[in-house]
Amino acid sequence: MSEQAQDPTGWLSGPRVPDLPPDPVRHAQERLLQSPAPPGQAGAAPEPVELDGPGRQALDWLYRFVTAIELAPAVAVHSSDAAGIVRFWNHACTQLFGIPSSHALGKPFRDLVSHLDQQAEFERTIAGIWRDGIAPASRDWRVETAAGKRLWLHSNHFPVKRDGVTQQVFCMEVDITARKQVEDNLSQAARVFENAHEAIIVMDAEYRVQAVNQAFTAITGFGADDIIGATLASLPWGEDDDGGGGFYDTIWSQLDGNDRWQGELSAMRKDGGHYTAWVALTTIRDPHGAASGYMATLSDISERKRAEARVRHQAEHDPLTGLPNRALFLDRMHQALATWRRQRDSFAVMFLDLDRFKAINDNNGHQTGDAVLREVAARLRGCVRRVDTISRLGGDEFVVLLADIGGVDQAAHVANAVMQAVSRPIEVAGQQLTLSASIGVAICPTDGSDVDTLMHHADVAMYHAKQNGRNSFRFFSPEMNARVFERGELEKRLRQALERGEFVLEYQPELDVGSGKVIGMEALIRWRHPERGLLLPQEFLPVAEECGLIVPIGEWVLREACTQARSWRDAGHAARVAVNLSDIQFLHGHLLDNVDAALAQSGLAPAWLDLEITEGAIMRGDHGLDDTVKSLRERGVQLTIDRFGTGLSSLSSLRRFPLSKLKIDRSFVSDIEHDPLDAALIPAIIAMARSLRLRVVAEGVETEEQLRFLRQHGCDEYQGFYAARASSRPDFNPAVR
């Protein structure tokens, strides 16, 4: 029997009809029963076989069979010897497994085809054939080729014997992958049908029910026997008594033209219970486009409808206080405006913000804060009418819509009532808390005739109430809006100033009280405003803190001051540079990195940098602040408490931190000549500093008498106009006083 055709690369180019050899029986015998020499026995001659008449006829038949199956297009045929080595591999095997016979013959079959997790079972099956000489029942196997291709095969294995002894095991295999896929799809579809949470109803072209799944019974209470053969009209739909006629009238007419309908329906279960159903109907068409049937899916959406109602309430109300939220409040605002346009009924918008509420959260925890907000909401409800609307916008901000007010007097009366209600002590977890509120009021149409304008103006008025001492209410005025606009412009120009390099530093000398020698310079920021000229810190730094620019501005000051101090050192001036840190900057997480970067960039030694911080920063800091202060002092950086006496620091907090100096606020120094109390406080502060081993600096010294007083009581350093004013080119040798 001839070999299969091959191209020069060794791969099969396709089958060809084999040429018959002169002695086909002997050729078939050699092809089927002789194996290549085992490894290490090259050249071993096969055992000669004597062929009698019947044996010769059998082999002749076998030869013709092999010739036929070698080219069989649909059946893959291969054989293996007792060692599992492939001895026959027809063209269909090449097509099925993607392996040419030249690569398959002589190779272990398991190297060519894996039976995956059934490999052990497959090998036991083959071993049984060799052991018993009996062909097992055909069966399906899932295999993977050496190239990674996975197939389903229907396999028939049978032994080929000589003298009753199995010589090879032949296998005939058919690719049933496509059939298996169809079976899997059908099985999966059946599982989906039976296990779907939605009821599925299959109907014929006459709307008669052919099949329903288990979910249909679970939802409706009707079994398959109750509905199969009948129409859906037999089920109780809607709340009318027409036996389902309304169902057909409103739905099937729409389905005829659109092939699909879906919507909500009121329905009744078999036990009489009512529920809301979501029904989707689909027309099933045959290949010719004719309607061959219909399918309906049905879901019980009663719980969803109840959930939607809850969600709608949650979407329109604050979960903490139960008050209407911003969305519902704005809707009420639009309704009030529509009423005003029809009837000219005036109304008021009142913004309310709790004063220093953050401290309650910080000191007592958010649970206490939440309890306070709920109590405030309850008290606000008691201050307004049912026609009014109270809303919590978020945090500690509330807004009230006062409908149909007679005038500003009525709005003022409500604002006073709200302030009194909020100011009453609130008891939470056994402790009493006291609050106050800042309120802003805008009147329609005087202060605006649209939602955005009225809301904005009420917010502006509230902001001014806070700016003017809190615990008060303000009516909006155009002047307020002008000031807010001015602040907005200032914030915008501040951002540009940092980018354009409009900030400059001036330095005020710090002198030794005893010698009058300059021992330090305090860096003071100024802004060269393009239109307003040179601005002092108090004119723009509060805005910088509010809008988040204080940290980048503070970083610029730190870098610039360190660079200047290094140039002074290079010029022979032994003076430290003092840099003021805002509370925000001091408590910022990257302070140490910024200090290190400024020192490294300038080359200034840490001992020549003095950071001035406030008492408030010390008091507000957590235990992480201990590590920050410790790290700064370990670097050698000096730390000074600025404006001492104006904050709320305690002796224990001062002892807690390794500080360098205290700077007495100018308000104490300016009155020591006229106010006996201030004159008594300064020696006490100096004595306390001595006990803590801190140096003392007095700022704001403007007269000889003030300096003499400080010298008498042991003050170490001073600064002020008496010695020198701040300048971009400071004098290191001011006149000795």
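For every chain, the first residue of its written sequence is number 1, and the numbers climb from 1 along that sequence. Restriction of local features to residues with pLDDT of at least 70 applies here, the model being predicted, together with a cutoff of 80 or more for giving and counting side-chain atom pairs; totals for whole chains, interfaces and linings are based on all residues. Only hydrogens and water are set aside; all other atoms, that is, all heavy atoms of the structure, feed into the side-chain values.

J.: Before we go on, may I ask you to explain the overall build of the protein in this structure?
T.: Along the protein, the regular secondary structure elements total 27 helices and 27 strands. Of all 737 residues assigned to the protein, the portion counted as buried reaches 45%. Using the Shrake-Rupley algorithm and a 1.4 Å probe, accessible areas are obtained, with residue cover drawn only from the displayed protein chains. When the accessible surface of the protein is totalled, it reaches about 37400 Å², and 51% of it is carbon and sulfur. Each helix corresponds to a stretch of at least 4 residues labelled H or I by DSSP, and each strand to a stretch of at least 2 residues labelled E; elements are numbered beginning at the N terminus. Working definition: with a 1.4 Å probe on protein chains only, accessible area under 20% of the residue-type maximum means buried, over 50% means exposed, and in between means partly exposed.

J.: Please explain the packing of aromatic side chains as it appears in this structure.
T.: Aromatic rings in a pair are described by how distant their centres are and how their planes are angled relative to each other. The rule is short: rings of Phe, Tyr and Trp, with Trp giving its six-membered ring, pair when the centres are within 6.5 Å, and they are stacked under 30 degrees, edge-to-face over 60, tilted in between. Scanning the model with the defined rule gives 13 aromatic pairs in all. Aromatic pair F122 and W141: ring centres 5.4 Å apart, planes at 85 degrees, arrangement edge-to-face. With F122 in helix 6 (residues 119-132) and W141 in strand 4 (residues 139-145), this pair connects stretches of sequence that are 19 residues apart. Both residues of the pair, F122 and W141, count as buried. A connected cluster of aromatic rings, assembled from ring pairs, spans F503, W527, F540 and W556. Just above the ring of W340 sits the side chain of R344; from NZ or CZ to the centre is 4.2 Å. To sit over a ring, a charge needs its Lys NZ or Arg CZ within 6 Å of the ring centre and within 35 degrees of the ring normal. In this structure, R725 packs its charged tip against the face of F721, placed 3.9 Å from the ring centre.

J.: Sorry if this is basic, but what is going on with helix 26 (residues 676-691) here?
T.: The span you would expect from a helix comes to 1.5 Å times its residue count less one. With 16 residues, helix 26 should reach 22 Å at 1.5 Å per residue; the first-to-last C-alpha distance of 23 Å fits that figure. Of the surrounding elements, those touching the buried residues of helix 26 are strand 24 (638-644), strand 25 (661-664), helix 25 (666-669), strand 26 (695-698) and helix 27 (704-712). Pairs of N or O atoms within 3.5 Å make up the polar contacts considered here, provided that, within protein, one atom can donate a hydrogen while the other can accept it, and that residues adjacent in sequence are counted only when both atoms are side-chain atoms. Two or three places before L677, at the opening of helix 26, D675 has a side-chain oxygen 2.9 Å from that residue's backbone nitrogen. Note on helix 26: the residue one or two positions beyond its end, R693, has a positive phi of about 60 degrees. Contacts are assigned to residue pairs with any non-hydrogen atoms lying within 4.5 Å of each other.

J.: Can you walk me through the packing of helix 12 (residues 326-343) against helix 16 (residues 451-467) in this structure?
T.: Relative placement of two packed helices is described by the angle separating their axes and the distance separating the axes. A fitted line through C-alpha atoms represents every axis, and for helices the fit uses only the stretch in contact; the resulting angles, taken between N-to-C directions, go from 0 to 180 degrees. One can describe the packing of helix 12 onto helix 16 by two numbers: an axis separation of 10 Å at closest approach and a directional angle of 115 degrees. Pair helix 12 / helix 16 crosses with right-handed handedness. Across the interface between the two elements, R326, F329, L330, M333, H334 and L337 from helix 12 touch V451, L454 and M455 from helix 16. Residues were grouped as follows: Ala, Val, Leu, Ile, Met, Phe, Trp, Tyr, Cys and Pro as nonpolar; Asp, Glu, Lys and Arg as charged; and all remaining residues, including Gly, as polar. Across the contact of helix 12 with helix 16, the residue classes break down as seven nonpolar, one polar and one charged. For any helix crossing, the convention is left-handed if the near helix is rotated counterclockwise from the far helix by under a right angle, and right-handed if that rotation is clockwise.

J.: So what exactly am I meant to see when it comes to the pattern of salt bridges here?
T.: Opposite charge on two side chains permits them to pair, given that their charged atoms come into close proximity. Any carboxyl oxygen of Asp or Glu that lies within 4 Å of a side-chain nitrogen of Lys or Arg is treated as forming a salt bridge with it. Applying the stated criterion across every chain, the model contains 42 salt bridges. Of the charged contacts, one joins K663 and E522 as a salt bridge, the two residues approaching to 3.3 Å between their closest N and O atoms. Of this pair, K663 sits in strand 25 while E522 is found in strand 20 (residues 518-529), placing the two residues 141 residues apart along the sequence. For K663, a relative accessible area of 0% translates into the label buried. Look at E522 and you get buried, because its relative accessible area is 5%. Within the structure, one salt-bridge network assembled from shared partners comprises E510, E522, R576, D610, E612, K661, K663, R695 and E717.

J.: For this particular structure, what's the right way to read the confidence of the model for the protein?
T.: The quantity called pLDDT is the predictor's confidence in a given residue, expressed from 0 to 100. Per-residue confidence for the protein gives a mean pLDDT of 84, with 85% of residues at or over 70. The element-level mean pLDDT for the protein is lowest in helix 1 (residues 24-33), coming to 44, with strand 3 (residues 113-114) highest at 96.

J.: What is the right way to read the pairing of strand 7 (residues 199-204) from this model?
T.: For a regular strand, the rule is simple: side chains alternate between the two faces of the sheet. With five of six residues buried, strand 7 is to be regarded as a mostly interior element. Pairing of strand 7 with strand 11 (residues 291-300), which is carried by six bridges, proceeds in the antiparallel orientation. Considered in strand 11, the bridge of V202 is made with M295. By the bridge criterion, three bridges tie strand 7 to strand 8 (residues 209-212) in an arrangement that is antiparallel. Pairing of M203 across the sheet is with V209, part of strand 8. Connecting strand 7 to the next strand, strand 8, in antiparallel fashion are four residues, including Y207 with a positive phi near 70 degrees. Pairing between strands is defined by DSSP: at least two bridges between them are needed.

J.: Looking at this structure, how should I read the packing of helix 19 (residues 550-570) against helix 21 (residues 591-602)?
T.: Taken N-terminus to C-terminus, the directions of helix 19 and helix 21 make an angle of 30 degrees; their axes are 9 Å apart at the nearest point. In this view, helix 19 runs roughly parallel relative to helix 21, as classed from their interaxial angle. Judged by the twist between their axes, the crossing of helix 19 over helix 21 is right-handed. Residues E555, L558, R559, C562, T563 and R566 of helix 19 form the contact with helix 21, whose participating residues are N594, V595, A598, L599, Q601 and S602. Of the residues that constitute the contact of helix 19 with helix 21, the class distribution is five nonpolar, four polar and three charged. The scheme is simple: roughly parallel for angles under 35 degrees, roughly antiparallel for over 145, roughly perpendicular for 65 to 115, oblique for anything else.

J.: Before we go on, may I ask you to explain the sheet that holds strand 1 (residues 76-80) in this structure?
T.: Two orientations exist for strands paired in a sheet by backbone hydrogen bonds: parallel and antiparallel. Spatially, six strands are ordered 2-1-6-5-4-3 in an open sheet, and the strand pairing comes out antiparallel. With partners counted over all chains shown, the strands left at the sheet margins are strand 2 (86-89) and strand 3, one partner each. Across five bridges, the pairing between strand 1 and strand 6 (residues 165-175) is antiparallel. Paired with S79 across the two strands is F170, which belongs to strand 6. Set on the sheet, helix 6 makes contact with strand 1, strand 3, strand 4, strand 5 (150-162) and strand 6; between it and strand 6 the angle comes to about 135 degrees. Here helix 7 (residues 177-195) sits on the sheet and contacts strand 4, strand 5 and strand 6; the angle it forms with strand 5, its principal contact strand, is near 130 degrees.

J.: In this structure, what is going on with helix 16? I would like to understand it.
T.: Compared with the 24 Å implied by 1.5 Å per residue over 17 residues, the 24 Å span of helix 16 between its first and last C-alpha is a close match. All buried positions along helix 16 are accounted for by V451, L454, M455, H457, A458, V460, A461, M462, H464, A465 and K466. Two or three places before D452, at the opening of helix 16, D450 has a side-chain oxygen 3.3 Å from that residue's backbone nitrogen. With its phi angle positive at about 105 degrees, G469 sits one or two positions after the end of helix 16.

J.: Sorry if this is basic, but what is going on with the sheet that holds strand 13 (residues 389-394) here?
T.: The strand order across the open sheet built from five strands is 13-14-12-17-18, with neighbouring strands paired in mixed fashion. In the strand order of this sheet, the two ends are held by strand 13 and strand 18 (472-475), each with one partner. Neighbour-to-neighbour, the strand axes of this sheet turn through a mean angle of 20 degrees, independent of strand direction. Alignment of strand 17 (residues 437-444) against strand 18, held across four bridges, turns out to be parallel. Across the sheet, the residue bridging to V441 is F475, located in strand 18. The sheet contacts of helix 16 involve strand 12 (347-354), strand 14 (397-402), strand 17 and strand 18, and relative to strand 17 the element is tilted by about 145 degrees.

J.: Got a minute to help me understand the environment of P100 in this structure?
T.: Mapping P100 onto the fold places it in the loop between helix 3 (91-97) and helix 4 (101-104). P100 sits 11 residues away from W89 along the chain, and the two C-alpha atoms are 8.3 Å apart.

J.: For this particular structure, what's the right way to read the nonpolar core?
T.: Generally speaking, a soluble globular protein has its nonpolar side chains buried in company with each other. Here the nonpolar core consists of buried residues drawn from Ala, Val, Leu, Ile, Met, Phe, Trp, Tyr and Cys, with membership extended through side-chain atoms lying within 4.5 Å. L494, F503, F586, V595, L609, L611 and I682 are the most contacted members of the largest nonpolar core, which has 76 residues in total. The element best represented in this core is helix 19, accounting for 10 residues. Not counting residues within four places of it along the chain, the set of residues in contact with I682 comprises I664, F668, V669, I672, F709 and L710. In this structure, L320, I360, L402 and I443 belong to the second largest nonpolar core, which totals 35 residues.

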